[in-house]
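Fold and contact review
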Amino acid sequence: MLASSDKTVMVLIGLAVAIFLVYRIYIWLQSSPRSFMKDRVPINSVITPHPSIELLEAAGYEVIGGKLKIPLAFNVDGSSMYSRLFIDYVASKEEDSFYLVILSRPRKELEFTGSALRDALLPYLLIYPDCSGVLYVNTVSSAIHVISLGRDDGESN
């Protein structure tokens, strides 16, 4: 039979394992993509009506957030410079997928080349790396382009 001190040590070890398991389950539940994105992507509950919302809904997306303004600050040789990025909507298609929605602008059409996509969309995908991608809605042709960041393996020309 175990001595009293042995029983105490076994109870403490069991208690430590139980606390560790509960903690790890809590961390795992908090790191699910939906809860992570809700905590990280600010959701503006004011959704301004626009024909593109109907287009997105017809394609199976649910618009869950309105226009966002992302302030940026740069320090260049001791001088501060400021700018902003704009996201028109935040949309979801499935439980764990979030998309940043950018509407086309007549004076600022997006060219579908690698360098143009990099210049226009990379800041959004770097600020919110866990989003599923960007939905670029061409308001003139009523087309939705799903753009996600891939990785070049270095072997393509």
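Residue positions are given per chain, counting from 1 as you read along its sequence in written order. Only residues with pLDDT of at least 70 are given local features in this predicted model, and only at 80 or more are side-chain atom pairs given and counted; all residues enter the totals for whole chains, interfaces and linings. Note that water and hydrogens are dropped before the side-chain values are worked out from all heavy atoms of the structure.

**Some words on a nonpolar patch on the surface**
Put simply, the rule reads: Residues forming no salt bridge and having over 30% relative accessible area are the ones grouped into patches, like charges within 9 Å of each other and nonpolar side chains (Val, Leu, Ile, Met, Phe, Trp, Tyr) within 5 Å. Only the protein chains shown count as covering a residue, and every accessible area follows the Shrake-Rupley method with a 1.4 Å probe. A side-chain nitrogen of Lys or Arg and a carboxyl oxygen of Asp or Glu constitute a salt bridge if their distance falls within 4 Å. For helices the rule is a DSSP run of H or I covering at least 4 residues; for strands it is a run of E covering at least 2, with both sets numbered from the N terminus onward. Accessible area is worked out with a 1.4 Å probe on protein chains only. A residue is then buried under 20% of its type maximum, exposed over 50%, and partly exposed in between.
Together, Val 9, Met 10, Ile 13, Val 17, Phe 20 and Leu 21 give the surface a local cluster of nonpolar side chains, amounting to about 590 Å² of exposed area. Secondary-structure assignment places Val 9 in helix 1 (residues 4-30). Taking relative accessible area as the criterion, Val 9 reaches 44% and is therefore assigned partly exposed.

**Some words on the sheet that holds strand 1 (residues 62-65)**
The line we're drawing: DSSP bridges decide pairing: two strands pair if at least two such bridges lie between them. Lines fitted to C-alpha atoms define the axes here, with helix axes fitted over just the stretch in contact, and angles between the N-to-C directions of these axes take values from 0 to 180 degrees. The contact criterion used is simple: two residues touch if any of their non-hydrogen atoms lie within 4.5 Å.
With mixed pairing, five strands are arranged side by side in an open sheet as 1-4-5-6-7. Every interior strand has two partners, whereas the edge strands, strand 1 and strand 7 (143-147), have only one. The average angle at which neighbouring strand axes cross in this sheet is 35°, direction not considered. Here strand 5 (residues 98-103) pairs with strand 6 (residues 133-138) via five bridges, running parallel. Each bridged residue has a counterpart across the sheet, and for Leu 103 the counterpart in strand 6 is Val 137. Across the face of the sheet, helix 3 (residues 51-58) comes into contact with strand 1, strand 4 (89-92), strand 5, strand 6 and strand 7 while running at roughly 120° to strand 6. Sheet contacts for helix 4 (residues 114-127): strand 5, strand 6 and strand 7; angle to strand 6, the most-contacted strand, approximately 130°.

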